[in-house]
Amino acid sequence: MLTIYNTLSKTKEAFKPLEGNKVRMYVCGMTVYDYCHLGHGRSMVAFDLVTRWLRYSGYDLTYVRNITDIDDKIINRANENGESFDALTARMIDAMHEDERRLNILPPDQEPRATDHIAGMHAMIQTLIDKGYAYAPGNGDVYYRVGKFVGYGKLSRKKIEDLRIGARIEVDEAKQDPLDFVLWKGVKPGEPSWKSPWGPGRPGWHIECSVMSTCCLGESFDIHGGGNDLEFPHHENEIAQSEAATGKQYANSWMHCGMIRINGEKMSKSLNNFFTIRDVLDKYHPEVVRYLLVSSHYRSSINYSEDSLRESKGALERFYHALRGLPRVAAEGGEAYVERFKAAMNDDFGTPEACAVLFDLVREINRLRDSEPQVAAGLAGRLRELGDLLGVLQLEADDFLRAGAEGKVDAAEVEALIQARLQARADKNWAESDRIRDQITAMGVVLEDGKGGTTWRLAD
């Protein structure tokens, strides 16, 4: 049985969909004012992993991940660039999709954009006003009345009285309480705006997700996810808005993934300590980056470093070496490994333990590859099958192991030298064999001799 750690209850819970076998999941997506950094990649990969496992487990999943395509950062960046906000967001959305494809991230079933749901936001805001949970002070803004929602703080365990300490109202705000947050922002000079019952303006950040999620999935749904930096205030405010408007529980389970950290600090654009996904992929194979992100538990933080990426590369090399030279056949055997893998994944998507199972499977493949090659090939098929659930190990072994060789070495020349070395060895001309090997090594190539012949890869 699948168990999921629910941030709302702070415990692992047996997962039971609200409606039969159907699972509805909403994940907070990107604010598209710049290229995605690796921290965004962490969230995208984490919930891609959840998606793959839920579907493998037989659930009928609808996965929705939104795009925030209007906010202060987008407006400011578009002005800096001298372009329209929608030209900027279109460019960044295309770049995001390219990053996802390179990281082998499956597209969500629906990808709603905030600017397509303005009318729905107006409707929810008006409902909140009618119920006394929101107010329009007459300056074009609309605010949510935090103190009226009895359950405020139940996700983050924050208390209203503690939050009020040090809170204040800015000079240009018309809040009744410093904790109140904006639902609709009155237009400012030079900003894009939409008509509304309260005057021209644009939505606040939090209302976007409440509207897009309930529009796509209904007033109550199974899983709401995102990075753990969104737990407060964004997700807390989503709960307050949605449950006040509908009178129903908003999301049944809340999942939050950990952050990418650099020197102990969260990777973020505001701290200027971020690496974009494309920057990292220019240096490392996409599967290396993906394995780094899936090999740690989704709730844990990951410390980004060159060492951690080298470790990820080394792990994948071990997997692909085990697959190398074995024919692609259907998965067969290794049922005990499958059961261990399932147990790990059903325990709150325990990928570290699942990866440990793959290493054990590799050892068994290597043990049997010479004595029982058919059995080893069936287990290699099993390794690929389980690897696919993590989004890895679907390449040809040589394609991965020789990745990056193009432009660095002449593959035909390497192959010719290998044949010459093999002939020298057959002639027992050991000096010539050693000379050729040294020549190949000087090219930055590592030779690997085995019973199946000699293969090669680039040196690290």
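Residues numbered from 1 in each chain as written. Predicted model: local features only at pLDDT ≥ 70, side-chain atom pairs only at ≥ 80, totals over all residues. Heavy atoms only, no water.

Covered by surrounding structure in strand β1 (residues 3–6) are T3 and Y5 together with I4 and N6, the residues of both alternating faces. Relative to strand β2 (residues 11–14), β1 runs antiparallel, the two being bridged by four bridges. What sits directly across from I4, in β2, is E13. Here β1 folds back onto β2, and the loop between the two strands holds four residues, one of which, K10, carries a positive phi near 60°. (Buried < 20%, exposed > 50% of the residue type's maximum accessible area, 1.4 Å probe, protein only. Helix = DSSP H or I, 4+ residues; strand = E, 2+ residues; numbered from the N terminus. Pairing = 2+ DSSP bridges.)

Another point: the nonpolar core. Core analysis: the largest hydrophobic core is formed by 127 residues, its most contacted members being Y144 and F341. Shared between two domains, this core takes at least three residues from each, and those domains are domain 1 (3–257) and domain 2 (262–401). Filtering out sequence-adjacent residues up to four positions away, F341 remains in contact with W53, A354, V357, L358, L386, L389 and L390. One finds V409, L417, L447 and W456 within the second-largest nonpolar core, a separate group that totals 10 residues. (Core = buried A, V, L, I, M, F, W, Y, C linked by side-chain atoms within 4.5 Å. Domains from an automatic or database assignment. Contact = heavy atoms within 4.5 Å.)

The next subject is helix α4 (residues 118–130). With 13 residues, α4 extends 18 Å from end C-alpha to end C-alpha; this agrees with the ideal 18 Å at 1.5 Å per step. Turning to α4, its buried residues number three or more, namely I118, M121, H122, M124, I125 and L128. On its buried side, α4 packs onto β5 (134–135), β6 (142–144), β7 (181–186), β8 (201–203), α6 (205–217) and α7 (231–246). Directly beyond the C-terminal end of α4, a positive phi value near 85° is found at G132. (Expected span 1.5 Å × (residues − 1).)

Under the definition given, this model contains 16 aromatic pairs. Arranged with centres 5.9 Å apart and planes meeting at 75°, the rings of Y291 and F319 form a pair that is edge-to-face. On the criterion of sequence distance, the pair formed by Y291 in helix α9 (residues 286–294) and F319 in helix α10 (residues 306–323) is long-range, its members being 28 residues apart. On the accessibility criterion, Y291 (4% relative accessible area) is buried. On the numbers, 6.1 Å between centres and 75° between planes, the contact of Y298 with F349 is edge-to-face. Remark: F349 occurs in the loop between α11 (335–346) and α12 (351–368) and Y298 occurs in the loop between α9 and β13 (302–303); sequence separation between them is 51 residues. F349 sits in the buried class, given a relative accessible area of 1%. (Phe/Tyr/Trp six-rings, centres within 6.5 Å; stacked < 30°, edge-to-face > 60°.)

Next up on the list: the UniProt feature "binding site: Zn(2+)" (unreviewed entry) in the protein chain. Annotation from UniProt places "binding site: Zn(2+)" (unreviewed entry) at C28, C209, H234 and E238. These residues run over 211 residues, yet every pair of their C-alpha atoms falls within 11.0 Å of each other. With near-sequence residues (within four places) excluded, C28 lies in contact with R65, N66, C209, H224, G225, L230, H234, H235 and E238. Tracing the chain through its elements places E238 in helix α7. Take E238: its relative accessible area is 0%, and that puts it in the buried class. (UniProt positions renumbered as here; feature names shortened; annotations may be inferred.)

A few words now on the environment of R91. Structurally, R91 is set in helix α3 (residues 85–102). The spatial distance from the C-alpha of R91 to the C-alpha of Y35 is 9.3 Å, given a sequence separation of 56 residues. The contact partners of R91, leaving out residues within four places of it in the chain, are Y35, N81 and E83. Polar contacts involving the side chain of R91 include one to the side chain of E83, which spans 2.7 Å. (Polar contact = N/O pair within 3.5 Å; in protein donor to acceptor, adjacent residues only side chain to side chain.)

If you trace the four strands from one edge of the open sheet to the other, you get β4-β3-β9-β10, paired in parallel fashion. In this open sheet, the two edge strands, each paired with only one partner strand, are β4 (60–65) and β10 (251–257). Across the sheet, the mean angle separating the axes of adjacent strands is 20° when strand polarity is ignored. Where α6 meets the sheet, it contacts β3 (22–27), β4 and β9 (221–227), and its direction lies at approximately 160° from that of β3. (Axes fitted to C-alpha atoms, helices over the stretch in contact; angles between N-to-C directions.)

Let's shift gears to the sheet that holds strand β12 (residues 265–266). Pairing is mixed in the open sheet, where three strands are placed in the order β12-β11-β13. Each of the sheet's edge strands pairs with one partner strand only, and the pair in question is β12 and β13. With two bridges connecting them, strand β11 (residues 260–262) and β12 associate as antiparallel partners. By the bridge assignment, I262 is partnered in β12 with E265.

Here we come to the domain arrangement of the protein chain. Parsing the protein chain into structural domains produces domain 1 (3–257), domain 2 (262–401) and domain 3 (404–458). With centres defined by C-alpha atoms, the gap from domain 2 to domain 3 works out at 28 Å. Residue-level contacts link five residues of domain 2 with six residues of domain 3. The largest share of the area that domain 2 buries against domain 3 comes from R324, D370 and L401, three residues that together contribute 69% of it. Between domain 2 and domain 3 we count zero salt bridges in total. For the pair domain 2 and domain 3, the number of links is two residue pairs in polar contact (both at pLDDT 80 or more). Looking at the side of domain 2 that touches domain 3 residue by residue, the class counts come to one nonpolar, one polar and three charged. (Buried area = accessible area lost by both parts, 1.4 Å probe. Salt bridge = Lys/Arg side-chain N within 4 Å of Asp/Glu carboxyl O. Nonpolar A, V, L, I, M, F, W, Y, C, P; charged D, E, K, R; others polar.)

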